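Descriptive analysis of the structure
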Amino acid sequence: MHMADALISPAVGATMWTASAGLIGYCSKKLKEEANERSVPLMGVLGAFIFAAQMINFTIPATGSSGHLGGGMILAILLGPYAGFLTISSVLIIQALFFADGGLLALGCNIFNLGFFPCFIAYPFIYKKIVGKNLTKPKVIAASVISAVIGLQLGALGVVLETFASGVSELAFDTFIIIMLPVHLAIGLVEGAVTAGTVLFVLQARPEILKKPDFALIGDISIKKLIIKIACAAVFIGAILSWFASYNPDGLEWAMFKTAGTEEIDPPEKNIYSSLSDIQTKTAFLPDYGFKTKEMQETEAEENNPAWPAIDAGTSTSGIIGGTLTLLTACLIGFLLKKRKRGTVKEPDSRGVK
Amino acid sequence: MKIETGLLNIGYMDELARKNNFLCNLDPRAKLITTIIFIVSVVSFDKYKISALIPFFIYPITLISVGDLPAKYLLKKILIAAPFAVMVGIFNPIFDKQILIEIAGFNISGGWISYLSIMIRFFLTVSAALILISTTGFNSVCLALEKLKTPKPFVMQLLFLYRYIFLLVNEAMRMVRAVSLRSFGKRTLTIKIFTQLLGHLLLRCTDRANRIHLAMLCRGFNGSIKLIQNRKIGFSEILFISGWCAFFIFVKFYNISSNLGILTENFFK
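Residues numbered from 1 in each chain as written. Chains lettered and ligands numbered in written order. Predicted model: local features only at pLDDT ≥ 70, side-chain atom pairs only at ≥ 80, totals over all residues.

Okay, the overall build of chain A next. Helix and strand counts for chain A come out as 14 helices and two strands. The contacts of chain A with a sequence gap of at least 6 include a subset with a gap of at least 24, amounting to 73%. (Helix = DSSP H or I, 4+ residues; strand = E, 2+ residues; numbered from the N terminus. Contact = placed C-beta atoms within 7 Å.)

Structural data, given as structure tokens:
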């Protein structure tokens, strides 16, 4: 469920970062305004609780496979939307940093998918509506399961939309949705069952936790205003970035291919790095090998799809050779640095060792 | 078993950051900003780019060497995180079958190229994040976030969460051990037992949180954790950020690999 940096584009990443950062700011402000000071340590504990719970596996009935808790819905129920959202965000940040679960750029997407939907959609509009004022056993079960399922479905939809908008993955929108939604329906049912079980346990053992106003910082949520504000900011940033992105060299290169059909127009860096330019002019356009493959490629490409020319085609072999050489150089740099370091740092090190 | 190793891992990465070398002594803001710029520049390439991405390996490799980080350990962590990118990326070769290049008689479709590109991106971005935390430490990252105007309650939340993780994971570990000692070799828990276990854990946690909070109040806690700040943006920080940014920009606009390749080819002709 965690999205990875490798699959999103900078525009999508930045847009979702803006949305999530805006939400974090908003929730922090709300929390400062209306929470008592006790909520912050409690949020910390419950975040850690999710970690601890995730480390315990349980058997999913009838499948034999094991699962663990996602936790978004349970935090929303125990803490309310604002504190719940901040807690989920903090859990995701630690997962991104320490476990490399989802990346730093994808963090905005992940916080939005796994935090916004359970806290600001599933909790107020589904859980609260079903549970009402009196907490009863059937109501809690129904509310937990349904809200967990819907929260996860929306999150999965978010993953699909963000991946699709990024355009790195080749998955078609409808195929991806057909894969993601049923899988997350199953996960949601299990998650819902665990959430319901835990909430019921708390309801029986310590009902005041669920009823106390301290723990449920619900208040009246002006979600409509919030969503409108955040959507505006996100669209604004996304628009600027995609406008910028369309002018970046890749887009330009592509446009050049499409309009002129030539690769030979030298990119601007030739002027900037003039010292390298004579090597480039000597080498880049001369090799007949590059041209030959390009011609071959073009005849092939014409058969397939003339609108999308081969980007790396002309320089494929040189790309492989050069890439390997660069990688080797990078490793060599690392090796030399390490060796030099060992030489210089050895003495204080040996003193420091017990 | 799994829990203990997982917990050890978190502590170990923080331990790495306590070394005394150039990288660990840099202001955390410099490292945070550079990491983000690195990730954005890696991700900003076209999806069929491979050779242009290779020079970016210089960044993690250099940092691992300078920061004296255990490369094998980081590699293992990266591999553990791989499944999502591997699973979603694997659809690229299936759906994108248009032949893009031909090497030694083998036709290679665009899908395989973009898949390889995804895996390279994945490796680079994940290693950057892991390197950030294992040269900086979590407290310093939080400090950097606070200095970069992240809302105070959220930074507090991160700090509290990080402190509590060790405590509660230990608690959960004890509970699981107790259950497994009483369950005669059954491997995992059923949902019913699991939820009850979770409920108990939750109650213990909240009780503990209340006790700790009261103890903190007794000792003068006023709602914010004070972090010792003894670093500032100086010459080496500016050099670090600007040097790497210049490198990223250069690599972004000038394909070192392919030009090096062309040069070598010509040399051997």
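Our next topic: the overall build of chain B. Counting secondary structure elements, chain B contains twelve helices and two strands. Listed by position from the N terminus, the elements making up chain B come as α-α-α-α-α-α-β-β-α-α-α-α-α-α. In terms of C-alpha radius of gyration, chain B reaches 24 Å, well past the compact-globule figure of 18 Å for 269 residues. Along the three orthogonal principal directions, the C-alpha set of chain B runs to about 75 × 55 × 30 Å. The buried share among the 269 residues of chain B stands at 44%. Of all intrachain contacts in chain B linking residues separated by at least 6 positions in sequence, the fraction that spans at least 24 positions is 76%. (Rg over C-alpha atoms; globule rule 2.2 N^0.38 Å. Buried ≥ 20, exposed ≤ 12 C-beta atoms within 10 Å, placed from the backbone.)

We now examine the domain arrangement of chain B. All names here are of chain B. Domain annotation for chain B reports domain 1 (1–149 + 234–269) and domain 2 (151–231). Facing eleven residues of domain 1, the contacting portion of domain 2 comprises 13 residues. Every element with two or more residues in the side of domain 1 that touches domain 2 is listed here: α1 (2–16) and α8 (138–147). Split into classes, the residues belonging to the side of domain 1 that touches domain 2 amount to seven nonpolar, one polar and three charged. (Domains from an automatic or database assignment. Nonpolar A, V, L, I, M, F, W, Y, C, P; charged D, E, K, R; others polar.)

At the junction of the two partners, chain B supplies 104 residues and chain A supplies 104 residues. Looking at the side of chain B that touches chain A residue by residue, the classes come out as 67 nonpolar, 27 polar and ten charged.

What follows concerns helix α9 (residues 152–182) of chain B. At 3.6 residues per turn, the α-helix brings residues three or four places apart onto the same side. Residues and elements named next belong to chain B. Look at α9: 45 Å from first C-alpha to last across 31 residues, which is about the 45 Å you get at 1.5 Å a residue. Its axis deflected by about 35 degrees at Ile165, α9 carries its strongest bend there. Where α9 ends, the next residue or the one after it, Phe184, has phi of about 50 degrees, a positive value. (Expected span 1.5 Å × (residues − 1). Bend = angle between axes of the 7 residues up to and from the residue.)

To continue, consider the environment of Ile94 of chain B. With respect to the helices, strands and loops of the structure, Ile94 of chain B is situated in helix α6 (residues 91–95). Residue class for Ile94 of chain B comes out partly exposed when judged on the 13 C-beta atoms lying within 10 Å of it.

This paragraph deals with the confidence of the model for chain B. This prediction gives chain B a mean pLDDT of 83; 93% of its residues lie at or above 70. Across the predicted assembly, pTM comes out at 0.76 and ipTM at 0.85. (pLDDT = per-residue confidence, 0-100.)

Residues and elements named next belong to chain A. Model confidence for chain A is summarised by a mean pLDDT of 70, while 62% of its residues fall at 70 or above. Note that residues 213–221 has pLDDT below 50 and, in this model, 17 contacts with residues that lie over four places away or in other chains. Per-residue pLDDT stays below 50 along residues 244–314; that stretch engages in 58 contacts with residues further than four places along the chain or on separate chains.

All names here are of chain B. Taking 1.5 Å of rise per residue, 19 residues should cover 27 Å, and helix α11 (residues 235–253) covers 27 Å from first to last C-alpha, within 8% of that figure. Those residues of α11 not exposed but buried are Trp244, Phe248 and Val251. On an axial view of α11, the arc spanned by its buried residues comes to 70 degrees, and they lie on one face. Pointing more than 90 degrees away from the buried face of α11 are the exposed residues Phe235, Ile238, Leu239, Ser242, Gly243, Ala246 and Ile249. Where α11 is buried, its residues contact α2 (28–43), α3 (58–66) and α12 (256–268). (Arc of directions from axis to C-beta.)

Within the secondary structure layout, Leu161 of chain A lies in helix α6 (residues 137–166). For the pair Leu161 of chain A and Val12 of chain A, spaced 149 residues apart in the sequence, the C-alpha separation amounts to 10.0 Å.

Here we take up the nonpolar core. Counting residues in each nonpolar core, the largest one holds 163 residues, and the members touching the most others are Leu46 and Phe49 of chain A together with Ala129 and Leu168 of chain B. Looking at this core, you find at least three residues from each of domain 1 (1–149 + 234–269) and domain 2 (151–231) of chain B. If we skip the residues at most four places from it in the chain, Ala129 of chain B touches Ala96, Leu97, Ala100, Gly103 and Leu104 of chain A together with Thr35 of chain B. (Core = buried A, V, L, I, M, F, W, Y, C linked by C-beta atoms within 7 Å.)

Right, let's get into unusual backbone geometry. Residues and elements named next belong to chain B. A positive phi angle, near 60 degrees, is found at Asp68, a position not held by glycine. Tracing the sequence through the fold places Asp68 in the loop between α3 and α4 (71–80). C-beta crowding within 10 Å serves as the criterion here: with 19 such atoms nearby, Asp68 is assigned to the partly exposed category. The residue Lys149 is not glycine, and still its phi comes out positive at about 70 degrees. Tracing the sequence through the fold places Lys149 in the loop between α8 and α9. Accessibility expressed as a C-beta count within 10 Å gives 8 for Lys149, which makes it exposed.

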